[in-house]
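What follows is the residue order along each chain.
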Amino acid sequence: MRVSTNFNVRKFYCGKWLLSFSLLLIFQCTSSLLSAQLKKVEGTVTDSTGKPLERVSVIVSNSKNGGTTNNKGYYSIMAEQGAVLTFSFTGYNSKTEVVGSGTVINIWLTSTSQTIDAVVVVGYGTQRKVNLTGAVAQVSGKELTNRPVPNVTGALQGVLPGVTVLRGSGKPGAEGYGIRIRGFSTTVTSNASALVLVDGIEQDINLLDPSDVESISVLKDASASAIYGARAAAGVILVTTKEGSTGKTRISINSYYGINITARQPERLDSWDEQTLIDEARFNATGAREFSAEQIEWLKNPNFSYRPNPTADRWEYYGNNNWLKEGMDKINHQQNHSLSISGGEQKLNYLISGSYYKRDGVLRYGPDDNSRYNFKANVNAELNKFISLKFTTGYIGSFTRENSYGTEQIINRLYRSRTRQSLYVPAEDVTGQKFNGDLQVNAVDIEQNAGMETRDYETFTTKLNFQIKNVIKGLTLDVIGWRNQNNYNMENNSRTLFWYGRSVNTVRFSINTPNTMSLIKNKAYQNNLQGYLTYNYKIKNHSFTMLQGGSYEEYRKDEVAATGQSMINNDFFTLNFSDPLTKTSRDLVQTWAIASAFGRFNYNFKGRYLLEASYRYDGSSRLVPTDRWRLFPSFSSGWRISEEPFMDNFRFIDNLKVRGSWGKLGNSDALGLYDYLPLLASGLTSTNNLVLNGSRTQYIYQSIMASPDLTWETVGQSNIGIDLGVLGNRLNITADYYQKITTDLLSRPNLPNIIGVTPGFINLGKLKSWGTELDFKWKDKMGKLDYHVGFNISDNQNKLLAYDRRRSIGTGGVVGLMEGYAMNSVWGYKTDGFFQTDAEATAYKAKVAYPFFANPKAGDVKYLDLNGDGKIDPGAGTPDNPGDLVYLGTTNARYTYGFNIGALWKGFDFSVFFQGALKRSFLISEETLSPMLGTADMPWTIHMDRWTPENPNAFFPRMYQTSAHNYRPSDRWTQNGSYIRLKNIQLGYSIPVNKKYFRELKVYVSGQDLWESTKVLSVFDPEVSNNIGATAYPFYRSVAFGINISL
Amino acid sequence: MKKFKQLSIYIFIGGLLLTGCKIDRLPETEITDPNFWNTETDLMNAANRLYQQLPGDWIDNRAEDAVNTAPNVVSTGTRSAPNTSGDWSDRYSEIFTANNILEKGLNAKVSDVVRNRYFAEARFFRAYSYFKLLKIYGDVPLLLKTLLVNSPELTMARTPRAQVVQQIYDDLDFAALWLPTRAALTAAQFGRVTKSAAWALKARVGLYEGTRGKFHGTVANWQSHLNIAVAAATSVMAEGHVLFSNYGNLFTQAGEGPTNTENILVKIYGVSNANLLLGHNHSRNLENGQLAPTRNLLRQYLYSDGLPAFNVDGTTASATRSPLFVPEANETSYNTILDNRDPRVSFSYFRAGEVAYQGPWIPKTSLGIRTAIAPKKGFSTVDQAITNAATTDRMLIRYAEILLIYAEAKYELNGAISDADLNITVNALRTRVGFAPKLTNAFVTANNLDMREEIRRERSAELGMEGFRYDDLIRWKVAETVLPKELLGAKFITAEWVGTMQSSLNLNADKILIVEPASTRTFRIDRDYLYPVPINEISLSGGNVIQNPNW
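Residues numbered from 1 in each chain as written. Chains lettered and ligands numbered in written order. Predicted model: local features only at pLDDT ≥ 70, side-chain atom pairs only at ≥ 80, totals over all residues. Heavy atoms only, no water.

(A) Structural context of the overall build of chain A. Scanning chain A from terminus to terminus reveals ten helices and 55 strands. Relative to the 2.2 N^0.38 estimate, which gives 31 Å for 1047 residues, the radius of gyration of chain A is 33 Å and therefore close to what a compact globule would have. If one aligns the C-alpha atoms of chain A with their principal axes, the spans along those axes are about 120 × 65 × 65 Å. The buried share of chain A, reckoned over its 1047 residues, is 59%. In chain A, once contacts between residues fewer than 6 apart in sequence are set aside, the share between residues at least 24 apart is 70%. Put simply, chain A shows about 40500 Å² of open surface, and 55% of that area lies on carbon and sulfur atoms. If the 111 positive side-chain charges of chain A are averaged to one point and the 95 negative ones to another, these points end up 8 Å apart. (Helix = DSSP H or I, 4+ residues; strand = E, 2+ residues; numbered from the N terminus. Rg over C-alpha atoms; globule rule 2.2 N^0.38 Å. Buried < 20%, exposed > 50% of the residue type's maximum accessible area, 1.4 Å probe, protein only. Contact = heavy atoms within 4.5 Å. Areas by Shrake-Rupley, 256 points an atom, 1.4 Å probe, with all protein chains shown as cover. Lys, Arg positive; Asp, Glu negative; His and termini not counted. Charge placed at Lys NZ, Arg CZ, Asp CG, Glu CD.)

(B) The overall build of chain B, seen in detail. Helix and strand content of chain B: 20 helices and nine strands. Structurally, chain B occupies a C-alpha span of about 120 × 50 × 50 Å along its principal axes. Burial statistics for chain B: of 551 residues in total, 63% are counted as buried. Look at the contacts in chain B between residues 6 or more apart in sequence, and 72% of them connect residues 24 or more apart. Counting only carbon and sulfur atoms, one obtains 56% of the accessible surface of chain B, whose full area is about 19000 Å². In chain B, which carries 58 positive and 56 negative side-chain charges, the distance between the mean positions of the two groups comes to 4 Å.

(C) Geometry of the packing of aromatic side chains. Going through the model one piece at a time under the given rule, you end up with 67 aromatic pairs over all chains. Here Phe 835 of chain A and Tyr 844 of chain A contribute two aromatic rings whose centre-to-centre distance is 5.4 Å and whose plane-to-plane angle is 50°, an arrangement assigned as tilted. Judged by its relative accessible area of 0%, Phe 835 of chain A falls in the buried class. The structure contains a cluster of three or more aromatic residues connected by ring pairs, namely Trp 88, Tyr 92, Tyr 130, Tyr 137, Tyr 470 and Tyr 531 of chain B. When the ring centre of Trp 940 of chain A is taken as origin, the NZ or CZ atom of Arg 416 of chain A, which lies over that ring, is 5.2 Å away. (Phe/Tyr/Trp six-rings, centres within 6.5 Å; stacked < 30°, edge-to-face > 60°. Lys NZ or Arg CZ within 6 Å of the ring centre and 35° of its normal.)

(D) Quick look at the interface of chain B and chain A. Between chain B and chain A, the contact holds 93 residues from the first and 101 residues from the second. Note on chain B versus chain A: buried area summed over both sides is about 8100 Å², and carbon and sulfur give 62% of it. The interface formed by chain B and chain A contains three salt bridges. Across the salt bridge formed by Arg 556 of chain A and Glu 28 of chain B, the nearest N and O atoms sit 2.7 Å from each other. Linking chain B to chain A there are 18 residue pairs in polar contact (both at pLDDT 80 or more). Counting residues per element, the ones that place at least two in the side of chain B that touches chain A are α1 (2–18), β1 (31–32), α2 (40–53), α4 (86–104), β4 (270–271), β5 (276–278), α9 (282–287) and α20 (535–539) of chain B. (Buried area = accessible area lost by both parts, 1.4 Å probe. Salt bridge = Lys/Arg side-chain N within 4 Å of Asp/Glu carboxyl O. Polar contact = N/O pair within 3.5 Å; in protein donor to acceptor, adjacent residues only side chain to side chain.)

(E) Structural view of the packing of α4 of chain B against helix α5 (residues 112–137) of chain B. Residues and elements named next belong to chain B. Axis separation between α4 and α5 bottoms out at 9 Å; the angle between their running directions is 155°. One way to sum up the angle between α4 and α5 is to call them roughly antiparallel. In this structure, the crossing between α4 and α5 has a hand that is left-handed. Contacts from Asp 87, Trp 88, Arg 91, Tyr 92, Glu 94, Ile 95, Ala 98, Asn 99, Ile 101 and Leu 102 in α4 reach Tyr 118, Phe 119, Ala 122, Arg 123, Arg 126, Ser 129, Tyr 130, Lys 132, Leu 133, Ile 136 and Tyr 137 in α5. For the contact of α4 with α5, the class distribution of residues is 13 nonpolar, two polar and six charged. (Axes fitted to C-alpha atoms, helices over the stretch in contact; angles between N-to-C directions. Parallel < 35°, antiparallel > 145°, perpendicular 65-115°, else oblique. Left-handed = near helix turned anticlockwise from the far one by under 90°. Nonpolar A, V, L, I, M, F, W, Y, C, P; charged D, E, K, R; others polar.)

(F) Seen up close, helix α6 (residues 161–178) of chain B. All names here are of chain B. Its 18 residues give α6 an end-to-end C-alpha distance of 26 Å, which sits within 8% of 26 Å, the value for a rise of 1.5 Å per residue. Along α6, the residues that are buried comprise Arg 161, Val 164, Val 165, Gln 167, Ile 168, Tyr 169, Asp 171, Leu 172, Phe 174, Ala 175 and Ala 176. Residues of α6 that are buried in the fold lie against α5, α7 (195–216) and α8 (222–237). (Expected span 1.5 Å × (residues − 1).)

(G) Geometry of the sheet that holds strand β14 (residues 201–202) of chain A. Residues and elements named next belong to chain A. On the basis of which strands lie adjacent, the open sheet formed by five strands has the order β10-β15-β16-β13-β14 and mixed pairing. Where the open sheet ends on each side, the last strands, each with one partner, are β10 (136–140) and β14. Across four bridges, strand β13 (residues 195–198) lies against strand β16 (residues 236–241) in parallel orientation. Looking at the pairing, Val 198 lines up with Val 239 of β16. (Pairing = 2+ DSSP bridges.)

(H) Looking closely at the sheet that holds strand β5 (residues 84–88) of chain A. All names here are of chain A. Ordered by their spatial adjacency, four strands build an open sheet running β3-β2-β5-β6, and the pairing between neighbours is antiparallel. Only two strands of the sheet have a single neighbouring strand rather than two, namely β3 (66–68) and β6 (95–98). Going from strand to strand, the sheet's axes swing by 20° on average, the running direction of each strand aside. Note that β5 and β6 share four bridges and pair antiparallel. Across the sheet, Thr 86 pairs through a bridge with Thr 96, a residue of β6.

(I) Here's a closer look at a nonpolar patch on the surface. Judged by side-chain polarity, Trp 905, Phe 908, Phe 910, Leu 987, Val 1005 and Phe 1041 of chain A come together as a nonpolar surface patch covering roughly 550 Å² of accessible area. Of note, Phe 908 of chain A is situated in strand β50 (residues 908–918). (Patch = residues over 30% accessible without salt bridge, like charges linked within 9 Å, V, L, I, M, F, W, Y side chains within 5 Å.)

(J) Just the environment of Val 441 of chain A, in detail. All names here are of chain A. Relative to the helices and strands, Val 441 is located in the loop between α7 (407–416) and α8 (443–449). For Val 441, a relative accessible area of 9% translates into the label buried. Excluding residues that lie within four positions of it along the chain, Val 441 makes contacts with Tyr 405, Arg 413, Ser 417, Ile 446, Trp 499, Phe 509 and Ile 511.

(K) Broad picture of the pattern of salt bridges. If you walk through the whole model with that rule in mind, you get 98 salt bridges over all chains. With a shortest N-O distance of 3.0 Å, Arg 556 of chain A and Asp 558 of chain A are connected by a salt bridge. For Asp 558 of chain A, a relative accessible area of 30% gives the class partly exposed. Taken together, the shared-partner salt bridges in this structure form one network comprising Glu 262, Asp 342, Arg 344, Lys 377, Arg 398, Arg 430, Arg 432, Glu 458, Glu 462 and Glu 466 of chain B.

(L) Representation of the side chain of Arg 920 of chain A. Turning to its location among the elements, Arg 920 of chain A is positioned in the loop between β50 and β51 (921–922). Within the local environment of Arg 920 of chain A, its side chain forms a polar contact with the backbone oxygen of Val 1024 of chain A, the two atoms lying 2.7 Å apart.

(M) A look at helix α4 (residues 271–286) of chain A. Over its 16 residues, α4 of chain A runs 21 Å from end to end, which matches the ideal 22 Å to within 8%, given 1.5 Å per residue. In the stretch just after α4 of chain A, Gly 287 of chain A is the one whose phi turns positive, near 85°.

(N) The packing of α7 of chain B against α8 of chain B, seen in detail. Residues and elements named next belong to chain B. Taken N-terminus to C-terminus, the directions of α7 and α8 make an angle of 155°; their axes are 7 Å apart at the nearest point. Judged on the interaxial angle alone, α8 and α7 are roughly antiparallel. The chirality of how α7 crosses α8 is left-handed. Of α8, the residues touching α7 (which contributes Ser 196, Trp 199, Ala 200, Lys 202, Ala 203, Gly 206, Leu 207, Glu 209, Gly 210, Thr 211, Gly 213 and Lys 214) are Trp 222, His 225, Leu 226, Ile 228, Ala 229, Ala 232, Ala 233, Ser 235 and Val 236.

(O) Representation of the nonpolar core in the model. One finds Tyr 92, Phe 124, Tyr 130, Ile 168, Leu 201 and Ile 402 of chain B to be the most contacted residues of the largest nonpolar core, which totals 132 residues. A per-element tally of this core places α5 of chain B first, with 15 residues. If we ignore the near neighbours within four places in the chain, the residues touching Phe 124 of chain B are Leu 172, Ala 175, Val 193, Ala 197, Ala 198, Leu 201 and Leu 265 of chain B. Ranked by size, the runner-up nonpolar core spans 58 residues in total, among them Ile 411, Phe 835, Val 848 and Trp 973 of chain A. (Core = buried A, V, L, I, M, F, W, Y, C linked by side-chain atoms within 4.5 Å.)

(P) Summary view of the pairing of strand β27 (residues 507–511) of chain A. Residue and element names in this part refer to chain A. Summarising burial for β27: four of the five residues are buried, a large majority. Where strand β26 (residues 497–500) and β27 come together, four bridges link them in antiparallel fashion. Following the sheet pairing, Tyr 500 is matched in β27 by Val 507.

(Q) Summary view of the environment of Val 326 of chain B. Residue and element names in this part refer to chain B. For Val 326, the position within the fold is in the loop between α10 (295–298) and α11 (343–348). Assessed through its relative accessible area of 28%, Val 326 is described here as partly exposed. Through-space distance from the C-alpha of Val 326 to that of Lys 364 is 22 Å; in sequence the pair is 38 residues apart. Look past the residues within four positions of Val 326 in its chain and what remains in contact with it is Tyr 303, Glu 331 and Thr 336.

(R) A look at the confidence of the model for chain A. Here chain A shows a mean pLDDT of 88. Residues at 70 or above account for 95%. Every residue in residues 1–35 of chain A scores below 50 in pLDDT, and together they form 48 contacts with partners more than four places removed in sequence or on other chains. (pLDDT = per-residue confidence, 0-100.)

(S) Molecular detail of unusual backbone geometry. Residue Thr 513 of chain A is joined to Pro 514 of chain A through a cis peptide bond whose omega torsion reads -10°. Structurally, Pro 514 of chain A can be placed in the loop between β27 and β28 (516–539). Residue Val 271 of chain B follows Gly 270 of chain B across a cis peptide bond; omega there is 0°. By secondary structure assignment, the location of Val 271 of chain B is in strand β4.

Structural data, given as C-alpha cells:
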C-alpha cells in the first residue's frame, strides 16, 4: 500500500530534531557521571541487504563516548558491559543494543524511507501502518498532483488496488466520476458510491482540488470501516487536507495550463460517400435509390451546392458540410491554479488555500464549460496544556454552463446530421435567417443561439474540533461539530429558434417553442455533532487503545422549482414576463437523520500481536420507527511475524505481517428517504399534464409501492491479508483476499408487469462479491538515480446467490439482476459472419426460422441456431431455457490494474503510469451501430467498411435503412472492454535556485490519457458505459505545462 | 478507580451531547396514502389519473391501409416476441390505477352516489384497458385488485377470454348505471366519461367478440355478443348524439368540445400551441409520412355512382365495377384516382395542386410519405405550425362508429339488414357528407353487390386512418389474405412529380409506386392472429403464463 512520502519526510525531520534534542539532554545528564570497566566494542553496520553503511553514529548511553562508522561500516567504541549503544543514521531507523559479554556487535539497520513508520488515517484517528489489522490503502496527495484531471477522483484512477474509478463522459462538470471500492456491495447502483469524508466532513470528492490533499485513506474492509456502520457498506474514503505548518511562512503555488485533445470519436463522411451508403441502405430496403448518379456528381461539385427546390418552398442542398468540424473544436483548454499559505508556531498555526480550475468543452460556440473555485482555511490552536481547538472552513463553488438544448443532443446532431445540408442559407435567401435548418435542425445555430443553462453549486463547510487532553494521562476527548451547507441554482433559458424554407411561410423546423425558462433552487444542509473519547494505556508490553463516541447527523434539503413559457421576447427570461397559464411551480423537502454510538478497542502485545474490535450502533430515519436500530460489529487481528525473535535470522525481511478481519456493515444510503410510507404523487409536479376544462388539472396517483417491512441491507465482509517488506523495505508487497456477502439485499423485485406499479425496494436476496488485490512496490537508488516501480491489480467478481427466483434474460442484452449470475450480465446470440450469397441466406432461412427479418440476403448477419430447434429465438427467456442466447460476460471489469515507474535524477523527475481493465463486455446501442435506423441518422466513416460483394470480409453488414435486424445483441457486437492506457506521463525539472528563497521551483509537463490499446470500436472510449450511443460526449487526452513554486 | 470516575464523567458529558436528538423524519411535500381518500375531491383527483393515462393512439400502421416511414413489423409479419411491451405493461398500469381507486375509494366519507360515479369511471377505464389487451393477446391475467410484491396472483395464469369479456361487460354495466348522461354532463366536465361512453365501448366489445367468434369459429354463442352490441348501440342512439355537420372539420379544432355531440370519448389536448399544456404532433406526423395512406385503402372507396371497383381487401376487383373506374394503367394524373369518388375522399386526401402542408401538393416521397399519397384527414394548419404543439383533441369513440357497429351487428346476426336500419346508420353517414347514392337492399341486389362487403366498406370510408383497420382484419379473419399483399402508392406521372427522378422509385408495370412488395410481407395464420406475450411476463410467471401458439 502506498504511503505518504510527505509523512515520512516530516517524521524524519521530526525524528532528527527529537533525536538531537534528546542527545543534548543525554550529554548534559551524563557528563558528570564517571564510567568504569570500559572495553572496546566493535563491529560493522550494514543495511538489511548487507551493504556497509558509512557515517552511522554510534552513541553509548549515559556516556560521552561516541563515534561513526567508516566507509566499510566499521566502528569501534569504548563501552562498559550493560551499556546501551544507539546506532542512528539518516534515513534509517535507529537501533539500540545492550553491550553484553562479547566485544563484537554487528548491526543492520532498516530504512525509514519506506512504510515502516508511516501513519495512516483511520476512522476517528490515526494508526501506525505497521499496527493496522484492517485493509486500508493510503495515497499521499503528492502522488495525485500535477495531473491535468478535473478533480481528485480523476487522479485516483488505477492508483490503489481495489479502488475502481469509473467515468462516464468528457463533459465539463459532468465527467461522471464514481468510485467503486471492491466491486459491488449493493445492487442499488445509484447509491453505490463510497462514503467520502473530507477532514471528517461528508463532501463530494469530485469537487476537491488535488493540490489541497495531504492524503487519502481508503478503508476497504469491514474492520476498517465498520466504525462508520450503516453508511460504510460501499467503503469509506477519508481525505485529509493539508494543515498549517510551523516555522517560516510557507507559500506554495501550483499552476498548470493544459490542452485537451478530443480522442476516439466518430468521423463524418463526405456527402457523396454518405449518399452512397444512404442509397445502398435505401435500395436494399425499398428497391430504389434516393439519388441518381447525376445528383451524386452534384454533391462532388464544389461550385454547385444548392438550388431552389422545384416543388416546395425550400432550397435543395448539394453541399459537403462536415458538421463535426463546424461545431466542435478538437483542441480545448484547461487550467488549474492554486495558492496556499501556511505558517505559525506549534501552539497556533494556520493554512489558507485557494484555487481556480476551468475546463472548456468540445462545442465550438456557446456555453460548454465548468469552472471551480476552492477556498479553505484552517487554524490549529493549543489554548493551554489541556485544551486545543481546530477550526476549518471551506468554500467550493462549481459553475457549469451548458447549452439549453443539451450538449448531448447537439453532439448527436453534429455526429448525425446530413452533410449535404449546408451550414448557412444561400446568399439570395430572403427569410432573414442565417443558418440552414432545412433537413435537420442546425446544431451550430443551436450552439450559438439556443440559450444557456447554468448550474451553480456552492458549498460552505465549517468544522470546529475541540480537544481536551492531559487531564487524565492517555485520555483525550474530542468534540466535533461540522456543517456542510450548499446552494444549488439551475436556470435554463431556452430560446425559440425557427428554420424556414425559402420563405417564412414554410417552417421547416423549430426548437423551444414557445421559449421556456426553468429554475431550480435549493438549499441543503448537513449537520453533524460528534464526541469521542480516546484512551491510550500501556503496561509493560501491553498497549491498549480504547475509543468510545457518539454521533448525530441530520440533513435537510429545501427545493423550489418553477417554469414559465412564452416570454414577451426571446432574450429576456424571467418568470414575471412569462405566460401565466403555463407557469408551474413545485417544492420539495428531503430530510434524513442518523444517530450513532461507536467504539473501538485495540490491543497490541510487544508490537507483535495485534487485536482490534469495533462497533457502531446506528439508527436511521429512513427505516420504519419500530425497526430502525442496528449494531455493526467488527473484529480483526494481526501478527507481525517479523517482530518475532526467531525472525532475526531472516534479515532481508523487514516487515512481515499477516492479518485477518471480519465485520458487518450497513447500507442505509441505498434506502429512499421515506420508503416505508406509501406516498402519493401530484400530477402538478409532473411534466405529463392533464388538461380538463381548458386548464391544467390536478391528478394524484401512487407511482411506487411502499415497503413497510424494509430493513437494513447488511454486508458481512471478511478479509485476509499479508504485508511484506523485504530488502531494506525496498520491496513492499501487500496482498489481500476478501469476500463480501450482502444480505437483505435492497432491490426492486423483478415482477411481471401485471403488478401495474413500480415496486418499491424490498430486502431481497443475497449478493456475494469476492476478490483479491495485489500491490507491489519497489523503490531503490542507483547512484544518483532514485527510482521506483509499482504494480497493482485487483480481481473482483460477484454473484447473486439469491434473488427473487424469477430469472429472466428476455430477448438478450444486459440483465441487471439474476439469481446465480453476476450483476449486469450480457446475453446475446452467436453469429457466424455474414451470408455471402442470397442463395446461402435463402437456404439458411428455409432451415432456420429467422425472426428479425423477412428476407435475409447476402451481407446480413448469420445468427446461429444453437439449440437446433429450427428457429432463432430466446426460448423461454430464462437462463435454463435461453433458446439461442448465450452468456457473453458482464459489463463490470473483472480485473483492474495500474503500473507505474518513476525516477528522480539530479533535478529531473520522470514518471509514467499505465492503467487498465480486463474482462469486461458491453454493448453499443442498436441505433448507433445501425446507420439510418432512423433515416435522419447518418453513417460514419467506420461504416464504409460494410459488406458488399467486393468486400465480403467487412466489419459491418450490408447497409439497410430503418431495420436493426443485423444489430441484435450478439457476440458480433459485444465489445471487449479490456484496455491498457497510458494514464499519465510526467517529466519535471526542479530548477536549482537559492534555497534561501525557494524551497522548490519545479516546472513540468504532464500528459493524461495520451495512448491506449483496446479492441473497442474505434469511435468510443473503452471506459464508456454500457449501451453507449451517438449522444456520448467524447473523452479527451490532455497535455499540461505546469509549475510548482514553494517559498 | 479515580481515573475511571473521571472517565465516566466524560462519557456522561458525551452522552448528554447526543441525547435529545430525534431521528424521526416525515415527508413534508408528499401526501401519504392513509391521509388521502377522504373527500369527493380526493376521489376526483385520483380518478383524473385515469384520464391522464389515457393514450391518444394517434398512429396505427399495423394494417395495410397506411404506412409509416419504415415498414411496420406487425403489418409485415416480421416481428419477434419482445421482452417487454408497452402494449402489455401500460395497460396493467392503467388497470392498477382503476383497481386502486376501487379499493381505497371505499374509505372515502362520501355518499354512494358520489363514490359510485368515480368507481364507474374506474371501471370504465379498466374495461377499456382489458379490451385492448384482449384484442391483441387473447387470454390475459384478469386482475381486479392491486397486488403486493408477494401476492400469489403475480404468477397467475392467463384468464380465459370469455371470463375477461364477461368482466368487461360487468364493468361497463356498472359504469353505465352510475355515470351521468351526455346531456347531464356540464360543459366544465367535458372529457369525463358518460353513460354513452360506457354503452359505446360495450357495443364495440360486443361487435368485436361477436364477429371474431363467428368468423374464427371459436365462440359458440357469438350471437349473444352481437345482441349486446345492438342493444348497447341502441342505448347510445337514444342519448341524443348528432353527427357533426362538416366531416372535414370534424378532425380539427372546429370539431372539439361539448357542442359537437358526435364526441363520445375524447382525449383532450390543449390549451393552444401558444399556451401549451399537453400537445401532440399529428399534423406534422401526417406531413412527414407517419400515416401515409396506401392505394390499397384508396381503392376501397365507392365511386360517385355508389359502385365500387375493388373489394374491401383493396386488391381484388369487385364483381361489379363502377363505370367511373379508370384502370390504373390508364390513369393520366395523380388525381385520376381521386376523381368521381365518395366525397369523403376529398376530405381525406390532398389532390395534386391542392394547398397542403407547405403550399400545393406535389407528389413525392422525399418528405417521408412513402406512398406519395398525402393524407388530409385530421390535418390542421394551426397544429402544424409548431412541432409537438398540436392541440386538436383526439376522438377515441365517435358516434359514427356506433352507427356502423349497429349496422354490422344487425347484419351479422341475421345475415340481413333492413333498409330502415341502413337509413339510420350507413345512409345517415352518407347524407352527412352529401353522398347521394344510398345503400339499400334493392341497390345491392340490382348491382350484384354483397351487403357485408358494403357495410364493411362503409367502415373504411368513414373511419379510414383512425386506427380501426387492423382490428377489423383480425375479427373478420381476413388478415391472412389482406396483409401479405403488396402495398401500393400513387402513380408516377413525370410531369406532376416535379423534382423526383423515376430512378429513385420502385414502380410496377403500371408505374404505380410499390411501397412494400409482397415478398416482404407475410401473415402466418397459425400465429399472427394473436400478439406474442412479452417474454418477461412468461419468464417471470414461473411458467404459468403460456406463450401464444407458434410464437
